[in-house]
Amino acid sequence: MKNKLLRLCFILAIFCFGFLFATDVSSNPVKAENKQKLVDDAELLSSSEKEHIEALLMRLSKENQFDIVIHTLNDPTLPDTDEALMNYADDYFDYNDYGYGTNRDGVVLVVNMAHRGYWISTRGYGITAMTDRGLEYMKDQFVPSMSEGDYAEAFEIFANTCDDFVKQAKTGNPYDVGNLPKKDLGFIHILIALGVGAVVAAIACLTMKGQLNTIHPKNHAADYMIKDSLNITQSTDQFLYVFTKKTKKKNNGGGSSTHTSSSGASHGGSGGHF
């Protein structure tokens, strides 16, 4: 009887422990990684383009342990100001659980087609990797494609540029003032440029040569002057005034400017219209 009582107590203890453990797990669920890197609510991409961009963003994010996210929308109620789009982008990143590690490393590009505005929001290591000057360079790379309506190309350029910037930052020398990627023209482009330049120069020289056929050289400078046309009696130099133009010097110190989002997190970023 005593052994049966001990067994019953042991079983009850196991049951209670299991119940408490299950309750604790259910009340404190583990935050799952947000796997969707592309949210095209504005429907700018075809099905095949979405699959391609999503796969690219997923691969680059995992390789770098750095979230690269793109979100499009068409919301006319969102004010057409940089501040409004900045706040939206910051909150979208924060409240959708994006970002790797404790610092929530990552970047999101938000595009609102209602006003043709966009904003890049950086957080964690993104603030280090994508400086203010670096973001201006990035915008120059992908915004022209958006302006032309080629959103798939624009988003692919954005993703690959983010990848390049993160990898460069990990070398200890992020892209910034005085240290930006150099455009590679390529051997074929150089040959084409040289060929076109040579043809234009040849045509210009031949044209100018043809215009000089009626001109004959003179042996003396006096041959070019009209007799008694120059009679200088007096000359003076008089200082009249000086004109000074002042230009405010731009801050070229580099680095990233930051602000605080509604969640209390620090973000960097930049944006505009296209």
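These notes cover the structure that comes with them. Not measured: the values here are computed from a predicted model.

A few words now on the pairing of strand β6 (residues 266-273). Among the 8 residues of β6, 6 are classified as buried, and the element is accordingly described as predominantly covered. Bridge count for strand β4 (residues 117-123) against β6 is 7 bridges, and the pairing is antiparallel. In the strand pairing of β6, R123 is matched with H267. Turn length for the strand β5 (residues 259-260)-β6 hairpin, with the two strands adjacent in sequence and antiparallel, is 5 residues, and the turn residue G264 shows positive phi of about 90°.

All right, on to the packing of helix α2 (residues 47-64) against helix α6 (residues 151-169) then. Packing of α2 against α6 leaves a shortest axis separation of 10 Å and a crossing angle of 5°. Relative to α6, the element α2 lies roughly parallel. Two secondary-structure elements touch here, α2 through E49, H52, I53, L56, L57, L60, E63 and N64 and α6 through A152, F155, E156, A159, N160, D163, V166 and K167. Among the residues making up the contact of α2 with α6, the classes are represented as 8 nonpolar, 3 polar and 5 charged.

Looking now at the environment of A84. Within the secondary structure layout, A84 lies in helix α3 (residues 82-95). Residue A84 is classed as buried on the basis of its relative accessible area, which comes to 15%. Expressed as a C-alpha distance, the spacing of A84 and W119, which sit 35 residues apart in the sequence, is 9.8 Å. Discounting residues that sit within four places of it in the chain, A84 has contacts with L78 and P79.

Turning our attention to the nonpolar core. Counting 36 residues, the largest nonpolar core has L109, M130, M146, F155 and F158 as the members making the most contacts within it. Those elements that provide at least two residues to this core are α2, β2 (67-73), β3 (106-112), β4, α5 (132-147) and α6. If sequence neighbours within four positions are ignored, L109 has contacts with V69, I70, H71, Y118, W119, I120, F142, F155 and F158.

Taken together, E49, E148, D150, E153 and E156 make up a surface patch of like negative charges. Relative to the helices and strands, E156 is located in helix α6.

Further remarks concern α5. Taking 1.5 Å as the rise per residue, α5 with 16 residues should run 22 Å; its terminal C-alpha atoms sit 22 Å apart, in good agreement. Most pronounced at Q141, the bend in α5 amounts to some 35°, and the proline P144 follows within four residues. Those residues of α5 that sit buried are G134, L135, Y137, M138, K139, F142, V143, S145 and M146. Contacts made by the buried residues of α5 are with β3, β4, α6 and β6. A positive phi of about 85° marks G149, the residue just after α5.

Time to look at the sheet that holds β2. Strands sit in the order β1-β2-β3-β4-β6-β5 across an open sheet of 6 strands; the sheet is mixed. Bordering the open sheet on either side are β1 (38-40) and β5, each of which pairs with just one other strand. Bridge count between β3 and β4: 7 bridges; the pairing is antiparallel. Bridge assignment links G106 to a residue of β4, and that residue is R123. Its contacts with the sheet place α5 against β3, β4 and β6, and it is angled at close to 145° to β4. Across the sheet, α6 touches β2, β3 and β4, and the angle it forms with β2 is around 155°.

This brings us to the environment of D105. With respect to the secondary-structure elements, D105 resides in the loop between α3 and β3. Along the sequence, D105 and D67 sit 38 residues apart, while their C-alpha atoms lie 6.5 Å from each other. Setting aside chain neighbours within four positions, we find D105 in contact with Q65, F66, D67, F93, G99, Y100, R123, G124 and Y125.

Another point: the packing of aromatic side chains. Any aromatic ring pair is given by two values, namely how distant the centres are and how the planes are angled relative to each other. Throughout the structure, instances matching the rule amount to 10 aromatic pairs. Seen in terms of ring centroids, F142 and F158 are 5.4 Å apart; in terms of plane orientation they differ by 75°. Their pairing is edge-to-face. Highlighted residues: F142 in helix α5 and F158 in helix α6, separated in sequence by 16 residues. In this pair, the class of F142 matches that of F158, namely buried. For the ring pair Y151 and F274, a centre distance of 6.4 Å and an interplane angle of 80° mean the geometry is edge-to-face. Residue Y151 is located in helix α6, and its partner F274 is located in the segment after β6; the two are separated by 123 residues in the primary sequence. For the pair formed by Y151 and F274, the shared burial category is buried. The rings of Y118, F142, Y151, F155, F158 and F274 are connected pair by pair, giving a single aromatic cluster.

Cut-offs and rules
- In this convention, every chain numbers its residues from 1, walking through the sequence in written order.
- In keeping with the predicted nature of the model, local features appear solely for residues at pLDDT of at least 70, side-chain atom pairs appear and are counted solely at 80 or more, and the whole-chain, interface and lining totals rest on all residues.
- Only heavy atoms go into the side-chain values, all of them from the structure, while hydrogens and water stay out.
- Classification of residues uses two cut-offs on accessible area relative to the type maximum, computed with a 1.4 Å probe and protein chains only: under 20% is buried, over 50% is exposed, and between them is partly exposed.
- Secondary structure elements are defined from DSSP: runs of H or I of at least 4 residues count as helices, runs of E of at least 2 residues count as strands, and each element is numbered from the N terminus.
- Should DSSP find at least two bridges between two strands, the strands are taken to pair.
- Under this scheme, a helix contributes an axis fitted over its contacting stretch, all axes are lines through C-alpha atoms, and angles between N-to-C directions fall in the 0 to 180 degree range.
- Angles below 35 degrees are treated as roughly parallel, those above 145 as roughly antiparallel, those between 65 and 115 as roughly perpendicular, and all remaining angles as oblique.
- Whether two residues touch is decided by their heavy atoms; if any such pair falls within 4.5 Å, the residues are in contact.
- Side-chain classes are defined by residue name, with Ala, Val, Leu, Ile, Met, Phe, Trp, Tyr, Cys and Pro counting as nonpolar, Asp, Glu, Lys and Arg as charged, and the others, Gly among them, as polar.
- Among buried residues, the Ala, Val, Leu, Ile, Met, Phe, Trp, Tyr and Cys ones that are joined through side-chain atoms within 4.5 Å form a nonpolar core.
- Patch definition: residues above 30% relative accessible area lacking any salt bridge, with like charges linked at up to 9 Å and the nonpolar side chains Val, Leu, Ile, Met, Phe, Trp and Tyr linked at up to 5 Å.
- Here, Shrake-Rupley sampling with a 1.4 Å probe gives the accessible areas, and only protein chains in the shown set may cover a residue.
- We define a salt bridge as a contact between a side-chain nitrogen of Lys or Arg and a carboxyl oxygen of Asp or Glu at a distance within 4 Å.
- For the purpose of charge, His is not counted, nor are the chain termini; Lys and Arg are scored as positive and Asp and Glu as negative.
- Charge coordinates come from a single atom per side chain, which is NZ of Lys, CZ of Arg, CG of Asp or CD of Glu.
- The length a helix should cover is 1.5 Å for every residue beyond the first.
- In this analysis the local bend is the angle between axes fitted, respectively, to the seven residues ending at and the seven residues starting at the residue.
- In summary, the pairing rule links any two rings of Phe, Tyr or Trp, Trp by its six-membered ring, whose centres are within 6.5 Å, and it sorts them by plane angle into stacked for under 30 degrees, edge-to-face for over 60 and tilted for everything else.

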